[in-house]
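# Coordinates in review
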Amino acid sequence: MAEHPPFSRLAAEWTPAGAPAGDLVERTREALATVQPSDLAEVAGLVETLTARAGQEASRAGARRALFALLDAARRRFFTEALRPAEVEPWTRLLVPALDRADYTLGEMLRAREETGPRTVALRVLGEDACELTVSDLGRCTRSIARGLHALLGDGEPRVALLGENSLDGALADLACLTNGI
């Protein structure tokens, strides 16, 4: 059995005020990416520390990035399938404040998924025009559509309305807006 990541040691390293030092964000992300439901007691202190640090200007970006790794791991199949019914409530109590404080947007989630699982199927179209888009494909398509919309809309606060048939193109345009601040 693999040794648990040093969650308590990482929490202690996050305790000093100011920006996280050196490679602390990446080491924390790597540890949280391996979290298992049985790690709740060991990881709780680190998550609470990161949740608090996500509200502090000097450490906000690093703490949010670390929390994204946890949120990504906790929604994956390997985690959810191993989660016993009795563990759902404690994990929910830990993750909901982290999710709220991390201010996790759909665009950030997509970019995080591109880093951790670019080949994962993100969209599957059924029927006559069946196809699959990976997370990487989805990110590439939505950024391309968003660049086109920004070019058409110019500077300022871009606003669009989508009207059309239910289709992959419509879904991609909607996701392009949602993930790119339009």
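Before any of the text, the structure's been laid out above.
Residues numbered from 1 in each chain as written. Predicted model: local features only at pLDDT ≥ 70, side-chain atom pairs only at ≥ 80, totals over all residues. Heavy atoms only, no water.

Its location among the elements puts Thr-34 in the loop between α2 (24–32) and α3 (40–53). Classification of Thr-34 by relative accessible area gives partly exposed; the value is 42%. A sequence separation of 39 residues divides Thr-34 from Ala-73, and the C-alpha atoms of the two residues are 7.0 Å apart. Of the polar contacts made by the side chain of Thr-34, one reaches the backbone oxygen of Ala-31; its length is 2.7 Å. (Helix = DSSP H or I, 4+ residues; strand = E, 2+ residues; numbered from the N terminus. Buried < 20%, exposed > 50% of the residue type's maximum accessible area, 1.4 Å probe, protein only. Polar contact = N/O pair within 3.5 Å; in protein donor to acceptor, adjacent residues only side chain to side chain.)

Further remarks concern the packing of helix α4 (residues 60–74) against helix α7 (residues 106–116). Here α4 crosses α7 at 70°, and the two axes come no closer than 10 Å. One way to sum up the angle between α4 and α7 is to call them roughly perpendicular. Facing α4, whose interface residues are Arg-64, Arg-65, Phe-68 and Asp-72, α7 presents Glu-108, Arg-113, Glu-115 and Thr-116. Considered class by class, the residues forming the contact of α4 with α7 number 1 nonpolar, 1 polar and 6 charged. (Axes fitted to C-alpha atoms, helices over the stretch in contact; angles between N-to-C directions. Parallel < 35°, antiparallel > 145°, perpendicular 65-115°, else oblique. Contact = heavy atoms within 4.5 Å. Nonpolar A, V, L, I, M, F, W, Y, C, P; charged D, E, K, R; others polar.)

Where strand β1 (residues 121–125) meets strand β2 (residues 131–134), 4 bridges bridge the pair, whose relative direction is antiparallel. Paired with Arg-124 across the strands is Glu-132, a residue of β2. Connecting β1 to the next strand, β2, in antiparallel fashion are 5 residues, including Gly-127 with a positive phi near 100°. (Pairing = 2+ DSSP bridges.)

Moving on, we get to a nonpolar patch on the surface. Side chains of Leu-152, Leu-153, Val-160 and Leu-162 sit close together on the surface and give an oily, nonpolar patch of about 370 Å² of accessible area. Along the chain, the position of Leu-153 falls in helix α8 (residues 135–153). On the accessibility criterion, Leu-153 (35% relative accessible area) is partly exposed. (Patch = residues over 30% accessible without salt bridge, like charges linked within 9 Å, V, L, I, M, F, W, Y side chains within 5 Å. Areas by Shrake-Rupley, 256 points an atom, 1.4 Å probe, with all protein chains shown as cover. Salt bridge = Lys/Arg side-chain N within 4 Å of Asp/Glu carboxyl O.)

Under the definition given, this model contains 18 salt bridges. Of the charged contacts in the structure, one is a salt bridge between Glu-115 and Arg-65, with a shortest N-O distance of 3.4 Å. Highlighted residues: Glu-115 in helix α7 and Arg-65 in helix α4, separated in sequence by 50 residues. Look at Glu-115 and you get partly exposed, because its relative accessible area is 46%. Residue classification places Arg-65 among the partly exposed residues on the basis of a relative accessible area of 31%. A salt bridge links Arg-159 to Glu-157, with the nearest nitrogen and oxygen atoms 3.0 Å apart.

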